[in-house]
Amino acid sequence: MYVRKKRRLKAEINVVPYIDVMLVLLVIFMVTTPLITQGVKVELPKSAAEPIKQMQDGKTPLVATVDQDGLYYFEKDGKQQGPFTAAELTVEVASWLKIEPGTQVIVKGDRKVSYDAVIRLINVLKGAGAPAVGLMTDNVDAG
């Protein structure tokens, strides 16, 4: 008599399609990641930061200010000058940076100033030759 053997069930998962999908996703992420990381470098101020007295080389920073009326000022060595137009400020800042290259440039904006006015000031400072521009804030405890 013929005895039939029972076949055992195979409990295996075919992972080849999953590997294909994973490799496609890997390629997509490798292509899109450099596009995402490009942008403007911004160092945001921290609330626990120490006030700037002087830089390491003894130079005081150049502080550019925009008020709520859209007028520009700048302060160097404790002397505030202005108001200036954007073109006048570009000339003044460029002359300071030629005299003292590597001087730190900081933007100080009124709380009521629009974001657009601050960005325009940063663009004016970059056009004047500032290598990097920092942002100034008040201490959180100051009110």
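Residues numbered from 1 in each chain as written. Predicted model: local features only at pLDDT ≥ 70, side-chain atom pairs only at ≥ 80, totals over all residues. Heavy atoms only, no water.

Under an unreviewed UniProt entry, the protein chain has the name Tol-Pal system protein TolR and belongs to Rheinheimera nanhaiensis E407-8. Among the UniProt annotations of the protein chain, the heading Subunit (unreviewed entry) holds the following wording: "The Tol-Pal system is composed of five core proteins: the inner membrane proteins TolA, TolQ and TolR, the periplasmic protein TolB and the outer membrane protein Pal. They form a network linking the inner and outer membranes and the peptidoglycan layer." The UniProt entry for the protein chain carries this comment under Function (unreviewed entry): "Part of the Tol-Pal system, which plays a role in outer membrane invagination during cell division and is important for maintaining outer membrane integrity." (UniProt positions renumbered as here; feature names shortened; annotations may be inferred.)

Colleague: Looking at this model, I keep getting lost on a nonpolar patch on the surface. Mind explaining?
Modeller: There is a patch of nonpolar side chains on the surface, built from Ile13, Val15, Tyr18, Ile19, Met22, Leu23, Leu26 and Met30 and spanning about 860 Å² of accessible area. Looking at the secondary structure, you find leucine 23 in helix α1 (residues 16–37). (Patch = residues over 30% accessible without salt bridge, like charges linked within 9 Å, V, L, I, M, F, W, Y side chains within 5 Å. Areas by Shrake-Rupley, 256 points an atom, 1.4 Å probe, with all protein chains shown as cover. Salt bridge = Lys/Arg side-chain N within 4 Å of Asp/Glu carboxyl O. Helix = DSSP H or I, 4+ residues; strand = E, 2+ residues; numbered from the N terminus.)

Colleague: Looking at this model, I keep getting lost on the pattern of salt bridges. Mind explaining?
Modeller: Pairing between side chains of opposite charge can happen when the charged atoms of each approach one another. Taken as a whole, this structure holds one salt bridge when the rule is applied. Between aspartate 116 and arginine 120 there is a salt bridge, with its nearest N and O atoms 3.0 Å apart. Remark: arginine 120 and aspartate 116 occur in helix α3 (residues 115–127); sequence separation between them is four residues, near one turn of the helix.

Colleague: What am I meant to see in the sheet that holds strand β5 (residues 133–135) here?
Modeller: Pairing is mixed across the open sheet formed by five strands, whose spatial order is β3-β2-β1-β4-β5. Bordering the open sheet on either side are β3 (79–84) and β5, each of which pairs with just one other strand. In this sheet, adjacent strand axes meet at a mean angle of 25 degrees when their direction is disregarded. Judged from the five bridges that link them, strand β1 (residues 62–66) and strand β4 (residues 105–109) form a sheet pairing that is parallel. Across the sheet, residue valine 63 finds its bridge partner in β4, namely isoleucine 106. Seen against the sheet, α3 touches β1, β2 (72–76), β4 and β5 and runs at an angle of roughly 145 degrees to β1. (Pairing = 2+ DSSP bridges. Axes fitted to C-alpha atoms, helices over the stretch in contact; angles between N-to-C directions. Contact = heavy atoms within 4.5 Å.)

Colleague: Sorry if this is basic, but what is going on with the environment of glutamine 80 here?
Modeller: Along the chain, the position of glutamine 80 falls in strand β3. On the accessibility criterion, glutamine 80 (53% relative accessible area) is exposed. It is 8.9 Å that separates the C-alpha atoms of glutamine 80 and valine 63, two residues lying 17 residues apart in sequence. For glutamine 80, the residues in contact, after removing those within four places along its chain, are Tyr73, Phe74 and Glu75. (Buried < 20%, exposed > 50% of the residue type's maximum accessible area, 1.4 Å probe, protein only.)

Colleague: Even after reading the chapter, I still don't get the confidence of the model for the protein chain, so can you show me in this structure?
Modeller: Predicted coordinates in regions of low pLDDT should not be interpreted in detail. On average, residues of the protein chain score 76 in pLDDT, and 78% of them reach the 70 mark or higher. For the protein chain, β3 is the element with the lowest average pLDDT, namely 78, and α1 is the one with the highest, namely 86. Low pLDDT (under 50) marks residues 38–47, which in the prediction has four contacts with non-local residues, meaning those over four places away or in another chain. (pLDDT = per-residue confidence, 0-100.)

Colleague: Please explain the packing of helix α2 (residues 86–99) against α3 as it appears in this structure.
Modeller: When two helices pack together, their arrangement is captured by the angle between the axes and the distance separating the axes. Remark: α2 packs on α3, axes separated minimally by 8 Å, with the N-to-C direction vectors making an angle of 40 degrees. On the basis of the axis angle, α2 is oblique to α3. Relative to α3, the crossing made by α2 is right-handed. Between α2 and α3, the residues in contact are Ala86, Leu89, Thr90 and Val93 and Leu121, Val124, Leu125 and Gly127, respectively. Residue composition of the contact of α2 with α3, grouped by class: six nonpolar, two polar and no charged. (Parallel < 35°, antiparallel > 145°, perpendicular 65-115°, else oblique. Left-handed = near helix turned anticlockwise from the far one by under 90°. Nonpolar A, V, L, I, M, F, W, Y, C, P; charged D, E, K, R; others polar.)

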